[in-house]
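Now for the letters of each chain:
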Amino acid sequence: GYALNFGSAAAAITADARGVVNNGNLSRTLYNNNNTYTKGFNLVGNPYPSPIDWDAASGWTKTNIDNALYFFKASTTDQYGGTYSSYIGGVSTGGSSMNLIPSMQGFFIHVSDGAWPITGTLAMDNTVRITDMTHSFTKSNGLNSVPLLRLTASFSDDTASADPMVIYFDEKASPGFDGNLDALKLMNTDLKVPNLYAVASDGYNLSINALPVTEDSLLVVPLGLMTARVGSITFRIKDIGEFFSGTRIYLYDDLTKADQNLDLNKVYTIYLNSGEYNNRFSLRFMKGTAGISDENPVTDLFNIYSSHGILIAEIPLLPGK
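What you are looking at is a predicted structure, and each value in this text was computed from that prediction instead of being measured. (Residues numbered from 1 in each chain as written. Predicted model: local features only at pLDDT ≥ 70, side-chain atom pairs only at ≥ 80, totals over all residues. Heavy atoms only, no water.)

Asker: Is there a simple way to think about the side chain of S85 in this case?
Answerer: Its place among the elements puts S85 in strand β6 (residues 82-88). The exposure class of S85 is buried, given its relative accessible area of 19%. Those residues within four positions of S85 in sequence are excluded, and the remaining contacts are L69, Y70, F71, T93 and M98. (Helix = DSSP H or I, 4+ residues; strand = E, 2+ residues; numbered from the N terminus. Buried < 20%, exposed > 50% of the residue type's maximum accessible area, 1.4 Å probe, protein only. Contact = heavy atoms within 4.5 Å.)

Asker: I'm lost on a nonpolar patch on the surface in this one. Help?
Answerer: Together, F302, I304, L311 and I315 line one region of the surface with nonpolar side chains, adding up to about 420 Å² of accessible area. Tracing the backbone through its elements, the reader meets I315 in the segment after β24 (310-314). (Patch = residues over 30% accessible without salt bridge, like charges linked within 9 Å, V, L, I, M, F, W, Y side chains within 5 Å. Areas by Shrake-Rupley, 256 points an atom, 1.4 Å probe, with all protein chains shown as cover. Salt bridge = Lys/Arg side-chain N within 4 Å of Asp/Glu carboxyl O.)

Asker: Could you clarify how one ought to interpret the pattern of salt bridges in this entry?
Answerer: Pairs can form between side chains of opposite charge once their charged atoms are near each other. Under the defined criterion, the tally for this structure stands at seven salt bridges. Note that D239 and R150 form a salt bridge whose closest N and O atoms lie 2.8 Å from each other. Placement of D239 in strand β17 (residues 231-240) and of R150 in strand β11 (residues 148-155) is noted, with a sequence separation of 89 residues between them. The residue K185 makes a salt bridge to D163 at a minimum N-O spacing of 2.8 Å. One end of the pair, K185, is in the loop between β13 (183-184) and β14 (195-199); the other, D163, is in strand β12 (residues 163-169), and 22 residues separate them in sequence. The pair formed by K185 and D163 is uniform in burial state, with each residue classed as buried.

Asker: What is the right way to look at the pairing of β11 in this model?
Answerer: The side chains of a regular strand alternate, residue by residue, between the two faces of the sheet. Extensive coverage of β11 is indicated by the burial of eight of its eight residues. Burial along β11 is two-sided: the face carrying L148, R150, T152 and S154 and the face carrying L149, L151, A153 and F155 are both buried. Taken together, the six bridges between β11 and β12 define a ladder with antiparallel strand orientation. By the bridge assignment, L149 is partnered in β12 with I167. Where β11 lies against β17, seven bridges are found, and the strand directions are antiparallel. Along β17, the bridge assignment pairs T152 with R236. (Pairing = 2+ DSSP bridges.)

Asker: I'm lost on the packing of aromatic side chains in this one. Help?
Answerer: The description of an aromatic ring pair rests on the distance of the ring centres and on the angle between the ring planes. Tallied over the entire structure, the rule returns 14 aromatic pairs. Ring centres 6.4 Å apart and planes at 25 degrees place the aromatic pair F235 and Y268 in the stacked group. Residue F235 is located in strand β17, and its partner Y268 is located in strand β20 (residues 267-272); the two are separated by 33 residues in the primary sequence. Y268 carries the same exposure label as F235, and that label is buried. Put simply, the rings of W54, W60, F71 and F107 touch in pairs and so form one group of aromatic residues. Over the ring of W54 we find K62; its NZ or CZ atom is 3.7 Å from the centre of that ring. (Phe/Tyr/Trp six-rings, centres within 6.5 Å; stacked < 30°, edge-to-face > 60°. Lys NZ or Arg CZ within 6 Å of the ring centre and 35° of its normal.)

Asker: For this particular structure, what's the right way to read the nonpolar core?
Answerer: Most often, soluble globular proteins keep nonpolar side chains buried together rather than apart. Formed by 30 residues in total, the largest nonpolar core has its most connected members in L151, L225, F235, F281 and L283. If you tally residues by element for this core, the top one is β11, at four residues. Once residues within four sequence positions are removed from consideration, F235 is found in contact with T152, A153, L196, L225, L251, L262, V267, Y268, I270 and F281. (Core = buried A, V, L, I, M, F, W, Y, C linked by side-chain atoms within 4.5 Å.)

Right under this line is the structure:
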């Protein structure tokens, strides 16, 4: 893998890469030493002069390698910052299938956790390569059939700052982290974008959270949020599957005790200081018509509370709230 920073100048720059292209079997040994900053993540890349399919039925060796892909997108305003997207098993945070990796595309993978240090092997051969060049890099992979919900958090004054996370249901899933079904959360380095994630039962922060199918009438999914600047944060559901028909979904705020119904394009907006919020917000899934009563709906005339010594008044009827 490689990383390239072209600088802050707006003028076009041409990079000329030379050498003999790769072909056939390739293998790399990777490590997870549980270091402070890397945490088992490794930067790798597509070594072939053609796209490769991460979900190819054969040709891969992923020994002690989680099944998720992580891509970095550079910020248009911050030379050194950017945002991360995740993909695993046909589910992505951005909404498009990212299993087809273009030539020379760098990406991150995670060597599985365990008794550190962990040694992983990533190997591939020509069968993972795509030869039909008519395929789109964002081809459909049956995403509509996946019972998922995509939630975003953004700064209210910048709709482009939305950070998505996904919750989906799978019979093989468990409440804790599963490297075959869940994707970890890589924190964005663009300070103008918040970080939204689910918190698994074993404490892992997840950008894609697979949960077991349940018949319980109430399901609570703890959320985490990290922001680098002060401002109003808006939570909203971006995408939701038919699987959730008949289910009422609430964003619960443990500080204000507000239960905001997120159905029908409703949102929850809250003013927050910069920092990390791991025990405050959660999603609540209520099956059937009976559910959490809207005793403190955000759609009231106003909502007043204190946060870190600051008195906050949210008045939805005024421009800018």
